[in-house]
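Topology and contacts: notes
Chain by chain, the residues:
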Amino acid sequence: MSELNLILLGPPGSGKGTQGEKLQEDLRLPYYATGDILRAAVREGTELGKKAKEYMDAGDLVPDEVIIGVIIERLEDSEASDGFILDGFPRTVPQAEALEDEMGKLGRTITAAILIDVPDDEVARRLGGRRTCEAEGHVFHVEFNPPEKDGVCDLDGSKLIVRDDDKPEVIRKRLQTYHAKTEPLVDYYEDQGILQRVKGDEPPDDVGERIRGLLATLRREEEMEI
Ligand SMILES: [Zn+2]
């Protein structure tokens, strides 16, 4: 396949990060989680990093054009010449359009937007069961990865708490925001014919297997077109 320029979509708790890292290994493509590459740009003190830092320091959202600038800088790098995996951006249709415009200037397009579909109930179960160690941030799960002793971190004996992000009302809010903003984006990629839905309410290895399967199909289709 000429290039594999992938976008990962999915609700909080869908395991996007885990799948992104798996894909990075399997496909040997760079994985760009937007938050990480922004922080890296700030650390490296690039022009865009400096701009991003001003907004972050003021407690403001980093504007789309700065985020897109940081992404484009990465795409211009040779490490992304065979493709990349993008996670965390775009989140809205206008962001997707702006990204597309800038990628177009480099003669590139998105190959596929992979939606890891997880029902709200399952998201609530995954996030709501998380317990985080107060001292070091070690993460457990009451169902999937319980500590030996209830409410106590196995590693350092600290108290386990429910982070604000994992409280039921906050989870509901996060899901509402996700649906309101991301569903139009899902439709947008569907209209472009590049949306790939993957059932995400299964163990991570199975989800990974499905994603590999659909990418293999994409490759075969492309070979047939040539
Ligand atoms: Zn701990």
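Before reading further, recall that the structure is shown in the block above.
We now turn to the structure provided with this report. Model, not experiment: these values are computed from the prediction.

About the criteria used
- Residues numbered from 1 in each chain as written.
- Predicted model: local features only at pLDDT ≥ 70, side-chain atom pairs only at ≥ 80, totals over all residues.
- Heavy atoms only, no water.
- Pairing = 2+ DSSP bridges.
- Helix = DSSP H or I, 4+ residues; strand = E, 2+ residues; numbered from the N terminus.
- Contact = heavy atoms within 4.5 Å.
- Axes fitted to C-alpha atoms, helices over the stretch in contact; angles between N-to-C directions.
- Patch = residues over 30% accessible without salt bridge, like charges linked within 9 Å, V, L, I, M, F, W, Y side chains within 5 Å.
- Areas by Shrake-Rupley, 256 points an atom, 1.4 Å probe, with all protein chains shown as cover.
- Salt bridge = Lys/Arg side-chain N within 4 Å of Asp/Glu carboxyl O.
- Lys, Arg positive; Asp, Glu negative; His and termini not counted.
- Charge placed at Lys NZ, Arg CZ, Asp CG, Glu CD.
- Parallel < 35°, antiparallel > 145°, perpendicular 65-115°, else oblique.
- Nonpolar A, V, L, I, M, F, W, Y, C, P; charged D, E, K, R; others polar.
- Buried < 20%, exposed > 50% of the residue type's maximum accessible area, 1.4 Å probe, protein only.

Observations regarding the sheet that holds strand 5 (residues 130–133)
An order of 6-5-7 is seen for the 3 strands of this open sheet, with the pairing classed as antiparallel. Where the open sheet ends on each side, the last strands, each with one partner, are strand 6 (139–141) and strand 7 (160–161). Contacts between helix 6 (residues 120–128) and the sheet are confined to strand 5 and strand 6, with strand 5 contributing the most and set at about 25° to the helix.

Observations concerning a negative patch on the surface
Together, Asp120, Asp121, Glu183, Asp187 and Asp191 line one region of the surface with negative charge. For the negative patch, the secondary-structure elements that each account for two or more residues are helix 6 and helix 7 (168–191). By residue number, the principal contributor to the negative patch is helix 7, which donates 3 residues. Residue placement: Asp120 occurs in helix 6.

Details of the packing of helix 2 (residues 34–44) against helix 4 (residues 64–76)
Packing of helix 2 against helix 4 brings their axes to within 10 Å, and their N-to-C directions diverge by 85°. One way to sum up the angle between helix 2 and helix 4 is to call them roughly perpendicular. Residue-level inspection shows Thr34, Ile37, Leu38, Ala40 and Ala41 of helix 2 in contact with helix 4, the latter providing Ile67, Val70, Ile71 and Arg74. A per-class count over the contact of helix 2 with helix 4 returns 7 nonpolar, 1 polar and 1 charged.

Section: the pairing of strand 1 (residues 4–9)
By the criterion of burial, strand 1 is predominantly enclosed, with 6 of the 6 residues buried. Here strand 1 shows a buried face lined by Leu4, Leu6 and Leu8 and a second buried face lined by Asn5, Ile7 and Leu9. The sheet contact formed by strand 1 and strand 3 (residues 83–87) spans 5 bridges and is parallel. Each bridged residue has a counterpart across the sheet, and for Leu6 the counterpart in strand 3 is Ile85. Bridge count between strand 1 and strand 4 (residues 112–117): 4 bridges; the pairing is parallel.

Taken by themselves, the reported measurements are silent on function.
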